[in-house]
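Listed below, chain by chain, are the residues.
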Amino acid sequence: MTKSAAQQHRRRVSQWRKAGAAVEAAGLPMTVAICITWSACEAADRNDGNILGLPENERVNVVWDRMRRLAAEFGAEAWIAARAPEHDREKGLHLHVGARIPAAAHLRLIGLIERLTGAPADKVYTAPATVIHRGRKCKGVMAHGQLGAWMIQRNLRAGTGGTEGLMRYLRKAPKAAETSAQFRLSQDMLRIARAHG
């Protein structure tokens, strides 16, 4: 990691820690965690209407914007979200998003991720389940796509502080810098963090 990348990471750790604590204190915790692995989306059965032909940064922006609109449609009082684009040897380019999505919108969220990635769901669970995903035990899984293309979990970070646990995971240092998309907190989350000092 370069010196400037290390400085950016230190700033992100501090800012995101404060933001996670602020939304928890405001009673607006993140409710879902999503991981999208772009190469697996491309390898899965690809439904029409997907965004895979877009450059990575545009794909990430579309996912972010559509999730924001879905949350608003279902009455979310604020767009509480963080995104962390990453690249590593195992998954290649992938995207993590933590967000506050109303429970009534969860089925629509699954459909949205299926549509955007083009990868149909391999399994949708009637209650959040513990599954083995890409060789790891994952708790609170609501749905996952074919070939490990994507996974949606309830934010059940038991013992790691709810939203703060998810934020800790999202703000970890990237293994490689081969991503064009940006780490980002939503404007509402930044506003709440500023208000809580």
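It should be noted that the structure appears before, not after, this text.
Starting from 1, residues in each chain are numbered consecutively following that chain's sequence as written. Local features in a predicted model are, by the rule used here, given only for residues with pLDDT of at least 70; side-chain atom pairs are given and counted only at 80 or more, and totals for whole chains, interfaces and linings are based on all residues. As a rule here, side-chain values come from all non-hydrogen atoms in the structure, and water together with hydrogens is ignored.

Classification of ring pairs rests on two measures: the distance between centres of Phe, Tyr or Trp rings, Trp counted by its six-membered ring, which must be within 6.5 Å, and the angle between planes, read as stacked under 30 degrees, edge-to-face over 60 and tilted in between. Counted by the stated rule, this structure contains 2 aromatic pairs. Seen in terms of ring centroids, Trp64 and Trp79 are 5.4 Å apart; in terms of plane orientation they differ by 75°. Their pairing is edge-to-face. Placement of Trp64 in helix α3 (residues 56-73) and of Trp79 in the loop between α3 and β2 (81-88) is noted, with a sequence separation of 15 residues between them. In this pair, the class of Trp64 matches that of Trp79, namely buried. Both a distance and an angle decide whether a charge sits over a ring: NZ of Lys or CZ of Arg must be within 6 Å of the ring centre and within 35 degrees of the ring normal. Across from the ring centre of Phe183, 3.6 Å away, lies the NZ or CZ of Arg12, which sits over that ring. Between Arg83 and the ring centre of Trp64, over which it is positioned, the NZ or CZ distance is 5.3 Å. Here a helix means four or more residues in a row that DSSP labels H or I, a strand means two or more in a row labelled E, and each is numbered from the N terminus. Residue burial is assigned from relative accessible area. The probe radius is 1.4 Å, only protein chains are included, and a residue is buried under 20% of its type maximum, exposed over 50%, and partly exposed in between.

Once that is clear, we can look at the side chain of Asp88. With respect to the secondary-structure elements, Asp88 resides in strand β2. Within the local environment of Asp88, its side chain forms a polar contact with the backbone nitrogen of Glu90, the two atoms lying 3.1 Å apart. Pairing of N or O atoms within 3.5 Å defines a polar contact, subject to two protein rules: one partner must be a possible hydrogen donor and the other a possible acceptor, and residues neighboring in sequence count only if both atoms are side-chain atoms.

Two strands pair under a simple rule: DSSP has to find at least two bridges between them. Ordered in space as β4-β5-β6-β1-β3-β2-β7, the 7 strands form an open sheet in which the pairing is antiparallel. Both edges of this open sheet fall to β4 (121-133) and β7 (184-185), since each of them pairs with a single strand only. Two elements, strand β5 (residues 136-145) and strand β6 (residues 150-154), share 3 bridges in a ladder whose sense is antiparallel. Its bridge partner being in β6, His144 is matched across the sheet by Met151. Whether two residues are in contact is decided by their heavy atoms, any of which lying within 4.5 Å being enough. Where helices are involved, their axes are fitted lines through C-alpha atoms of the stretch in contact, as for all axes, and angles between N-to-C directions lie from 0 to 180°. In the packing of α3 onto the sheet, the strands contacted are β1 (32-37), β2, β3 (92-99) and β7, and the crossing angle to β2 comes to about 155°. With respect to the sheet, helix α5 (residues 163-170) is in contact with β1, β2, β3 and β7, its orientation differing from that of β3 by roughly 160°.

To continue, consider the side chain of Asn155. Relative to the elements of secondary structure, Asn155 occurs in the loop between β6 and α5. Asn155 gets classed as buried once you look at its relative accessible area, which sits at 14%. A distance of 3.2 Å separates a polar side-chain atom of Asn155 from the backbone oxygen of Met30. Once you skip the residues sitting within four places of it in the chain, Asn155 turns out to touch Met30, Thr31, Val32, Gly162, Thr163 and Leu166.

One broad trend across soluble globular proteins is that nonpolar side chains are buried collectively. One finds Met67, Ile101, Leu109 and Trp150 to be the most contacted residues of the largest nonpolar core, which totals 35 residues. For this core, the secondary structure elements donating two or more residues are β1, α2 (38-43), α3, β3, α4 (106-117), β5 and β6. Here this core gets 7 residues from one element, more than from any other, and that element is α3. Definition used in this section: a nonpolar core is a set of buried Ala, Val, Leu, Ile, Met, Phe, Trp, Tyr and Cys residues joined via side-chain atoms within 4.5 Å. Counting residues in each nonpolar core, the second largest holds 19 residues, with Trp16, Met189, Leu190 and Ala193 among its members.

Side-chain pairing between opposite charges can occur once the charged atoms of the two side chains come close. Note on definitions: salt bridges are taken to be side-chain nitrogens of Lys or Arg within 4 Å of carboxyl oxygens of Asp or Glu. Scanning the model with the defined rule gives 8 salt bridges in all. A salt bridge links Glu42 to Arg59, with the nearest nitrogen and oxygen atoms 3.9 Å apart. Note that Glu42 is positioned in helix α2 and Arg59 in helix α3, a separation of 17 residues in sequence. What makes Arg59 buried here is its relative accessible area of 7%. One salt bridge connects Glu164 with Arg171, and the closest N-O pair in it is separated by 3.1 Å.

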